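# Notes for the structure review
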Amino acid sequence: MSDAQPKSMDEIMALCKRRGFVYPASEIYGGINGFWDYGPLGAQLKKNLRDAWWRDVVMMGCDGLDGPDGEAVEIVPLDSCIIQNPKVWEASGHVGGFNDPMVDCRESKSRYRADHLMCMGKKGDKGGQIYAFIENDDASFDAALKKLSKYVKQDLAKGDIDLCPLTDLSLEELAITVGPDTKTVGTLTEPRAFNLMFKTFVGATSAQTDENAAYLRPETAQGIFIHFKNVVDTTRVSVPFGIAQTGKSFRNEVTPRNFTFRSREFEQMEIEFFCHPDDAKQWYVFWRDWRMQWWKDIGLGGENLILREHGSDELAHYAKDGAGTSDIEYRFPFTAPGYGELEGIAHRTDFDLRQHQEHSKKKMEYHDKTRGELAKNGQPKGEWYLPHVIEPSAGLDRGVLAILCEAFTPDPERASGVYMKFHPRVAPIKAAVFPLVKKDGMPELARPLFKELRARFGHLGTIEYDEKQSIGKRYARMDEAGCPFCFTIDSETLSEGTVTVRHRDTLDQERIAIGGVGDFLGEKLGV
Ligand code: ATP
């Protein structure tokens, strides 16, 4: 299948359900919009991706690469709470500013992100008929054009209409807008700011007041900023260094959609890297390039992955004079031909540390003993400064979704009709051991091999053992699960001491000695 034709999202979602990668949360009660659970294969796939990130970032310090200063990159881990003092979110700007513009349709009761709706109006007909439709969606565009033609009682072509974001409309224009799923004009409400943070109440009190209100964190990053000083004071790190954490974040998204892409509960993998302001540019470039390479190495190396540097109009106010902001984006079937964000790399300047310093009245400045004028003894006097931050912030669930979409490979030649081409490092099942038939002494050879492989590689993922059904059906199941290698014990194993290795991607079969299976798999898994 060429990259020009997007894969079918319906088929990918069906496979995810069928094979136990992803289930709708609370499915037996009708589900709950914006929440997804991972089944056995999905949970292992997600853990493998999180572990790969943790190992490469935290334990290996950017996989052992030297930083731009020629030194080993220093990263320490952190695990902060989902609920913090609400003042954290006031200081970070989330209480006042973490809003999306929202419009409701009074008739259909549907709710939309105003910035996701585009409007069309008849050209030159300012204040004339206007129609709203969902952006980047050809089907709704054509439907909208048809509807608008009825209103102005003439056949309209694309060239006859003006397009503008719904957020640009005046109140008068909004009043004559036809919503995306109604036939009557004027059913859309004015856009309102909607705060995305989930609010809860802490303590055994029935009074739900502002005094005991708290928020579920909308990002893991702030948990890192508020402990910057603690980490500096209690460990031996020195700037430049990074603090990394993974964990759940929560956003009450106005329109959760596109499978797990925009969920209300999701997991992030974030690094806040602290450096001297003068070094921000070189660290920004370092992180941007390394993070892009990392996603390629994990199996997203094709042309569906791009790095997009932000234009100045997209930058956060504090980042205007910064070293840059970029997104690593993947062409998902539902965004094609466009792309969706997997990870953002941003030079956040000293914005967050400064905000927390001002709000908490606790000094966040760092004393750098390697800088400053030289004293009489020839040693630097030291310099106090607020470090600048480079933030590579990745979505774990979006990473899993991109890997699922990339791996999904239709193949009419196979019994399963499709296989999941996972990179062996993230594949949830690393290998399967099958006796060809459940007799003739084959299970007696297969079971010890399964136990040997599990003892050696079970910490990396599942080792499967299966002796039921025909071998063809077992191979088909492993193709859909994305298992890279199947080892089959057959009559030649009994006579020659060799097993068949079946390669998932090529369907090649080769024979190797049963005693060499462990080393063979170890080499393929790179351990
Ligand atoms: P978007 O513009 O898509 O809403 P964002 O720019 O608000 O994303 P960030 O605040 O930069 O996202 O969060 C960092 C990462 O967290 C994103 O790159 C994405 O991978 C992930 N993420 C953010 N929101 C969601 C969500 N609702 N569901 C799943 N992952 C998310």
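Anyway, here's the lowdown on the structure attached to this text. (Residues numbered from 1 in each chain as written. Predicted model: local features only at pLDDT ≥ 70, side-chain atom pairs only at ≥ 80, totals over all residues. Heavy atoms only, no water.)

### Here we look at the pairing of strand E26 (residues 498–503)
Remember that side chains alternate between the two faces of the sheet whenever the strand is regular. Of all six residues in E26, six are buried, a share of seventy percent or more. Side chains Thr 498, Thr 500 and Arg 502 of E26 all project onto a buried face; the interleaved residues Val 499, Val 501 and His 503 project onto the opposite face, where all are buried too. The sheet contact formed by strand E25 (residues 485–489) and E26 spans four bridges and is antiparallel. Among the inter-strand pairings, Phe 485 is bridged to a residue of E26, identified as His 503. Taken together, E26 and the strand that follows it, strand E27 (residues 509–513), pair antiparallel across an intervening segment of five residues, in which Leu 507 is found at a positive phi of about 65°. (Buried < 20%, exposed > 50% of the residue type's maximum accessible area, 1.4 Å probe, protein only. Helix = DSSP H or I, 4+ residues; strand = E, 2+ residues; numbered from the N terminus. Pairing = 2+ DSSP bridges.)

### Focus: the packing of helix H2 (residues 40–59) against helix H11 (residues 396–407)
One can describe the packing of H2 onto H11 by two numbers: an axis separation of 10 Å at closest approach and a directional angle of 115°. When the interaxial angle is binned, H2 and H11 end up roughly perpendicular. In the crossing of H2 with H11, the sense of the turn from one axis to the other is right-handed. Contacts between H2 and H11 involve Leu 45, Lys 46, Leu 49 and Arg 50 from the first element and Leu 396, Asp 397, Gly 399, Val 400, Ile 403 and Leu 404 from the second. Looking at the contact of H2 with H11, its residues break down into six nonpolar, one polar and three charged. (Axes fitted to C-alpha atoms, helices over the stretch in contact; angles between N-to-C directions. Parallel < 35°, antiparallel > 145°, perpendicular 65-115°, else oblique. Left-handed = near helix turned anticlockwise from the far one by under 90°. Contact = heavy atoms within 4.5 Å. Nonpolar A, V, L, I, M, F, W, Y, C, P; charged D, E, K, R; others polar.)

### As for the sheet that holds strand E10 (residues 192–195)
Spatial strand order, E5-E4-E10: three strands in an open sheet with antiparallel pairing. The sheet is open, and its two edges are formed by strand E5 (111–113) and E10, each paired on a single side. If you compare each strand with its neighbour and ignore which way they point, the axes differ by 50° on average. Pairing geometry for strand E4 (residues 99–104) and E5, over three bridges, is antiparallel. Note that in E5 the partner of Val 103 across the bridge is Tyr 112.

### Notes on the layout of surface pockets
A volume near 370 Å³ is recorded for the second largest pocket. Contributing to the lining of the second largest pocket are 14 residues, with Asp 51, Ala 52, Arg 55, Arg 425 and Leu 460 lying nearest its centre. Considering each element in turn, the lining of the second largest pocket owes the most residues, six residues, to H2. Counted by class, the lining of the second largest pocket contains seven nonpolar, three polar and four charged residues. (1 Å grid on protein atoms, 1.4 Å probe; cavity = no way out; pocket = protein on both sides within 12 Å on 5 of 7 lines; lining within 4 Å. Points joined across faces, edges and corners; volume = space filled by probe spheres on them.)

### Focus: the sheet that holds strand E24 (residues 462–465)
With mixed pairing, the five strands of this open sheet are ordered in space as E24-E23-E25-E26-E27. Of all strands in the sheet, those with a lone pairing partner are E24 and E27, marking the two edges. With direction set aside, neighbouring strand axes in the sheet form an average angle of 25°. With five bridges connecting them, E26 and E27 associate as antiparallel partners. Pairing of Val 499 across the sheet is with Ile 512, part of E27. Seen against the sheet, helix H13 (residues 471–481) touches strand E23 (429–435), E24, E25, E26 and E27 and runs at an angle of roughly 175° to E23. Seen against the sheet, helix H15 (residues 517–525) touches E23, E24, E25, E26 and E27 and runs at an angle of roughly 170° to E25.

### Observations regarding the packing of aromatic side chains
Across all of its chains, the model carries 21 aromatic pairs by this definition. Taken together, a centroid distance of 6.1 Å and an interplanar angle of 10° make the contact between Phe 228 and Phe 241 stacked. Here Phe 228, found in helix H8 (residues 228–234), pairs with Phe 241, found in strand E13 (residues 241–250); they are 13 residues apart in sequence, far enough to count as distant. Judged on exposure class, the residue Phe 228 and its partner Phe 241 are both buried. With a centroid separation of 4.3 Å and 40° between ring planes, the pair formed by Phe 273 and Trp 283 is classed as tilted. Here Trp 283 lies in helix H9 (residues 280–300) and Phe 273 lies in strand E14 (residues 265–275), a separation of ten residues in the sequence. Residue classification places Phe 273 among the buried positions, given a relative accessible area of 0%. A connected cluster of aromatic rings, assembled from ring pairs, spans Phe 273, Trp 283, Phe 286, Trp 287 and Trp 290. (Phe/Tyr/Trp six-rings, centres within 6.5 Å; stacked < 30°, edge-to-face > 60°.)

### So, the environment of Arg 262
Tracing the backbone through its elements, the reader meets Arg 262 in the loop between E13 and E14. Once the C-alpha coordinates of Arg 262 and Lys 296 are considered, the two residues, 34 residues apart in sequence, prove to be 22 Å apart.

### Some words on the site of the ligand
Within the structure, the ligand sits among 14 residues, and Arg 251, Glu 253, Arg 262, Ser 263 and Glu 341 are positioned closest to it. Between an oxygen atom of the ligand and a main-chain N or O atom of Gly 395, the distance comes to 3.1 Å. Taking 590 Å² as the accessible area of the ligand by itself, protein coverage stands at 79%. Those elements that provide at least two residues to the shell around the ligand are E14, strand E17 (340–349) and strand E20 (388–395). Considering each element in turn, the shell around the ligand owes the most residues, three residues, to E17. (Near = heavy atom within 4 Å. Polar contact = N/O pair within 3.5 Å; in protein donor to acceptor, adjacent residues only side chain to side chain. Areas by Shrake-Rupley, 256 points an atom, 1.4 Å probe, with all protein chains shown as cover.)

### What about the pattern of salt bridges?
Scanning all chains against the criterion turns up 40 salt bridges. Across the pair Asp 104 and Arg 192 runs a salt bridge, and its minimum N-O distance is 2.6 Å. Taken as a pair, Asp 104 in strand E4 and Arg 192 in strand E10 lie far apart in primary sequence, 88 residues in all. The exposure class assigned to Asp 104 is buried, which follows from its relative accessible area of 13%. On the basis of relative accessibility, which here comes to 42%, the residue Arg 192 falls in the partly exposed class. A salt bridge links Arg 331 to Glu 303, with the nearest nitrogen and oxygen atoms 3.9 Å apart. Of this pair, Arg 331 sits in the loop between strand E16 (325–330) and E17 while Glu 303 sits in the loop between H9 and strand E15 (305–309); the two residues are 28 residues apart in sequence, bridging distant segments of the chain. (Salt bridge = Lys/Arg side-chain N within 4 Å of Asp/Glu carboxyl O.)

### Concerning the packing of H2 against H9
Axis separation between H2 and H9 bottoms out at 12 Å; the angle between their running directions is 135°. Taken together, the axes of H2 and H9 are oblique relative to one another. The interaxial crossing formed by H2 with H9 has right-handed handedness. Here Leu 49, Ala 52, Trp 53, Asp 56 and Val 57 of H2 lie close against H9, whose contacting residues are Trp 290, Arg 291, Trp 294, Trp 295 and Ile 298.

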